[in-house]
Amino acid sequence: MLIVMRKDATPEQIGGVTAAVEARGLKAHPIPGAQRTAIGITGNKDALDAPAFESLPGVLEVFRISHAYKLVSREAKPEDTVVNIGGVAIGGRRLALVAGPCAVESREQILTVARRVKEAGAHLLRGGAFKPRTSPYSFQGLGEEGLRLLAEAREETGLPVVTEAVDVEGVDLVEKYADAIQIGARNMQNFSLLRRAGRAKKPVILKRGMSATLEEFLMSAEYILAEGNYQVVLCERGVRTFSDFSRNTLDLAVVPAVKKISHLPILVDPSHGTGRREKVSPLSRAAAAVGADGLMIEVHHDPDRALSDGPQSITPEMFASLVREIAQIAGVVGRAV
Ligand code: PEP
Ligand code: MN
């Protein structure tokens, strides 16, 4: 259920409604907006008694949210959410460019790639320290040492850092070192991990599961918001289809679909989405054209020797020319980089 406050509602009135919700053993989620504040209610098993809330001071209207997802829906918040990751806005006019290697491999590697992507115009640095690999014998990441190296790369370049947490304990560590917590495709429905991320003090980048429907994707985001963390960025990274000419099928149609029903920003990851280096630039251009709020791209200075995802990693030179192309396309759709 959603309680919409009057435009002129005072902070005391908003506090009064919140207290009334909590007095019933439910959770209140005040959602400030440009036009009005709304208060989402979660935790109820049955339909709530709307008239009891309607009569509270400052309340304009009370209505049921029709979708299964509530807090992530545009009904709850009509304006776009802008998520702030270490000072970089995701979801505003500027497209956010997240770039870096699939995995942190060494000090020299992460510092080299960080400097090069920064030079080329990246806004955020990515790099996995905990890698969810298909094979237990593949490189699993440097763990906490990888996080320390990412923090050092941030120190030197000023780029805020995004890195994946693969389990609940990992969130404690990632939260300590990074500016945003990535939840990977394989963990999109790891509900205990989502709940833990929902209690984190850092923004979350949630990647779409490889066979997740749009509703399942949004419901996973809902888990994070329901715990009180409203700083969530979605990321489309391709889904499994019968198509066999790329690693995954990048579902760019999900971008306008998300925009229609949710206020959350959405990035596109054409690296995992295609699995092939030469397809990263074309699909990045398409993502910018279709209205994505930014891109997440794997870049490696020596991709053929990368310890993970080399075939889809582009070189810093390729990244620099991609940024120039994206700047032009962004202009056409009323955005900038
Ligand atoms: C990654 O970003 O390196 C990654 C593992 O992505 P995904 O979870 O989308 O496969
Ligand atoms: Mn990868």
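Residues numbered from 1 in each chain as written. Chains lettered and ligands numbered in written order. Predicted model: local features only at pLDDT ≥ 70, side-chain atom pairs only at ≥ 80, totals over all residues. Heavy atoms only, no water.

To continue, consider the overall build of the protein. Broken down by element type, the protein carries 11 helices and 14 strands. Relative to the globule expectation of 20 Å for 337 residues, the C-alpha radius of gyration of the protein, 21 Å, shows essentially globular dimensions. Projecting the C-alpha coordinates of the protein onto the three principal axes gives extents of approximately 65 × 45 × 40 Å. Counting all 337 residues of the protein, 55% fall into the buried class. (Helix = DSSP H or I, 4+ residues; strand = E, 2+ residues; numbered from the N terminus. Rg over C-alpha atoms; globule rule 2.2 N^0.38 Å. Buried < 20%, exposed > 50% of the residue type's maximum accessible area, 1.4 Å probe, protein only.)

For the protein, the assigned domains read domain 1 (2–63) and domain 2 (83–332). When each unit is reduced to the centre of its C-alpha atoms, the spacing between domain 1 and domain 2 is 35 Å. (Domains from an automatic or database assignment.)

Our focus in this paragraph is the packing of aromatic side chains. Applying the stated criterion to the full structure yields one aromatic pair. Taking the centre distance of 4.5 Å and the plane angle of 25 degrees together, the rings of F191 and Y223 count as stacked. Here Y223 lies in helix α7 (residues 214–226) and F191 lies in helix α6 (residues 191–198), a separation of 32 residues in the sequence. (Phe/Tyr/Trp six-rings, centres within 6.5 Å; stacked < 30°, edge-to-face > 60°.)

A few words on the site of ligand 1. Every residue lining ligand 1 is accounted for by C102, R126, K131, E164, Q182, G184, A185, R186, K207, R237, H272 and E298. K131 is positioned such that a nitrogen or oxygen atom in its side chain is 2.9 Å from an oxygen atom of ligand 1. Contact distances for ligand 1 include 3.4 Å between an oxygen atom and a side-chain N or O atom of H272. Against a free-state accessible area of 290 Å², the protein chains account for coverage of 97% of ligand 1. Taken together, the residues of the shell around ligand 1 sort by class into two nonpolar, three polar and seven charged. (Near = heavy atom within 4 Å. Polar contact = N/O pair within 3.5 Å; in protein donor to acceptor, adjacent residues only side chain to side chain. Areas by Shrake-Rupley, 256 points an atom, 1.4 Å probe, with all protein chains shown as cover. Nonpolar A, V, L, I, M, F, W, Y, C, P; charged D, E, K, R; others polar.)

Another aspect to go through is the coordination of the manganese ion (ligand 2). Around the manganese ion (ligand 2), the protein contributes the donor atoms C102 (SG), H272 (NE2), E298 (OE) and D309 (OD), which lie 2.0 to 2.4 Å from the metal centre. As a motif over one chain, the donors of the manganese ion (ligand 2) read C-x169-H-x25-E-x10-D. Of this pair, C102 sits in the loop between β7 (96–100) and α3 (107–120) while E298 is found in strand β14 (residues 294–298), placing the two residues 196 residues apart along the sequence. Note on E298: relative accessible area 1%, which makes it buried. (Donors = N, O, S within 2.8 Å, 3.2 Å for Na, K, Ca; no water.)

The final tally for this structure, using the stated rule, is zero disulfides. Residue C235 stays outside any disulfide, its sulfur separated by 13 Å from that of C102, the closest cysteine. Residue class for C235 comes out buried when judged on its relative accessible area of 0%. (Disulfide = S-S within 2.5 Å.)

Moving on: the sheet that holds strand β1 (residues 2–5). Within the open sheet, the four strands sit side by side as β2-β3-β1-β4. Their pairing is antiparallel. Each edge of the sheet is formed by a strand with only one pairing partner; in this case those strands are β2 (27–32) and β4 (59–63). Sheet twist, expressed as the average angle between the axes of neighbouring strands with direction ignored, equals 20 degrees. Summarising the sheet, β2 and strand β3 (residues 37–42) pair through six bridges and their orientation is antiparallel. For P32, the partnering residue across the bridge sits in β3 and is T37. (Pairing = 2+ DSSP bridges. Axes fitted to C-alpha atoms, helices over the stretch in contact; angles between N-to-C directions.)

One finds V117, L125, L206, L234 and F319 to be the most contacted residues of the largest nonpolar core, which totals 74 residues. Two domains each put at least three residues into this core: domain 1 (2–63) and domain 2 (83–332). I3, V17, A28 and V62 belong to the second-largest nonpolar core, a separate cluster that totals 16 residues. (Core = buried A, V, L, I, M, F, W, Y, C linked by side-chain atoms within 4.5 Å.)

Now for the pairing of β1. Here β1 shows two buried faces, one formed by L2 and V4 and the other by I3 and M5. As judged from the four bridges shared by β1 and β4, these two strands associate in the antiparallel manner. If you follow I3 over to β4, its bridge partner there is V62. Taken together, the three bridges between β1 and β3 define a ladder with antiparallel strand orientation. Bridging from a neighbouring strand, V4 pairs with A38 of β3.

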